[in-house]
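Results of the structural survey
Here is how the chains run, residue by residue.
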Amino acid sequence: MKNIGVLISGGGTNLQALIDKQGSVIKSGKIVCVCSNSASAFGLERAKRAGIPSKVIRKNADCGGDTEEFSRRICEYMKEMKVDVVVLAGFLAIFGGELLREYSGRIINIHPSLIPSFCGKGMYGLKVHEAALDYGVKVTGATVHIVNEVVDGGKILMQKAVYVKEGDTPEKLQRRVMEEAEWIILPEAVEAFCAGKI
Ligand code: GRF
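One structure accompanies this document, and this report is about it. Source: prediction; values computed, not measured. (Residues numbered from 1 in each chain as written. Predicted model: local features only at pLDDT ≥ 70, side-chain atom pairs only at ≥ 80, totals over all residues. Heavy atoms only, no water.)

**As for the packing of helix α1 (residues 13-20) against helix α2 (residues 42-49)**
Where α1 meets α2, the closest approach of the two axes is 9 Å, and the angle between their N-to-C directions is 15°. Here α1 is positioned roughly parallel relative to α2, judged by the angle of their axes. Regarding α1 and α2, the two cross each other, and that crossing is right-handed. When α1 is examined against α2, the residues T13, L15, Q16 and I19 are found in contact with a partner set consisting of G43, R46 and A47. Broken down by class, the residue content of the contact of α1 with α2 amounts to 3 nonpolar, 3 polar and 1 charged. (Axes fitted to C-alpha atoms, helices over the stretch in contact; angles between N-to-C directions. Helix = DSSP H or I, 4+ residues; strand = E, 2+ residues; numbered from the N terminus. Parallel < 35°, antiparallel > 145°, perpendicular 65-115°, else oblique. Left-handed = near helix turned anticlockwise from the far one by under 90°. Contact = heavy atoms within 4.5 Å. Nonpolar A, V, L, I, M, F, W, Y, C, P; charged D, E, K, R; others polar.)

Encoded structure:
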């Protein structure tokens, strides 16, 4: 049974999907902690309701804006909680350093597009769906991938396609991509990774 640490920044709907699928889809891992870079992240409330320990580590307020110190503090908490696999679920802060080195090959991210489309530096949240609609793609989706030093650049573990519909706004498309792709493939990919299948 692998210990899973989840990093969040906001609403935590992907964290909720992981929590809800524990025991059904996720059988080879257990969420042992949540870490947020924002004290106001609703995902912290989701963790509390699920009885999962959590910690806030803010890059500016707690780490003087230093990315190395921020990465070190998060890594320290992950090791304190005996985390084996780190999952970024809507985590929007840039990190690197000790966390990336210590957990190399064991950090998983969910991105709301079919990488290599609409990804990379500055491509997150609604901006991804605005770019997809601006380009006029007919199909988008979500990607689960291993995190490395390149933003959205690591090995792809799982993808799921979602059709763009007439009249879609970025908000409507984001919601559909979450419901029909993110909340499905993230738990599936986390289970497969914890089980050593991918
Ligand atoms: C989602 O679109 C996710 O793909 C992206 O962050 C957004 C918010 O996720 N990484 P959540 O509701 O905080 O899980």
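The discussion continues.
**Remarks on the nonpolar core**
Among the nonpolar cores identified, the biggest contains 32 residues, and V6 and L186 are the most heavily contacted of them. Of the residues forming this core, the biggest block, 9 residues, is contributed by helix α6 (residues 170-194). The contacts of L186, once residues within four sequence positions are left out, are N14, L18, V87, A89, I108, I110 and V144. (Core = buried A, V, L, I, M, F, W, Y, C linked by side-chain atoms within 4.5 Å. Buried < 20%, exposed > 50% of the residue type's maximum accessible area, 1.4 Å probe, protein only.)

**So, the sheet that holds strand β7 (residues 156-163)**
With mixed pairing, 7 strands are arranged side by side in an open sheet as β3-β2-β1-β4-β5-β6-β7. Each edge of the open sheet is held by one strand with a lone partner, namely β3 (54-56) and β7. Sheet twist, expressed as the average angle between the axes of neighbouring strands with direction ignored, equals 20°. Sheet topology note: the strand β2 (residues 29-36)/β3 ladder contains 3 bridges and is parallel. (Pairing = 2+ DSSP bridges.)

**Let's talk about the layout of surface pockets**
For the largest pocket, the calculated volume is near 850 Å³. Those elements giving two or more residues to the lining of the largest pocket turn out to be α1, β5 (107-111), β6 (139-146) and α6. (1 Å grid on protein atoms, 1.4 Å probe; cavity = no way out; pocket = protein on both sides within 12 Å on 5 of 7 lines; lining within 4 Å. Points joined across faces, edges and corners; volume = space filled by probe spheres on them.)

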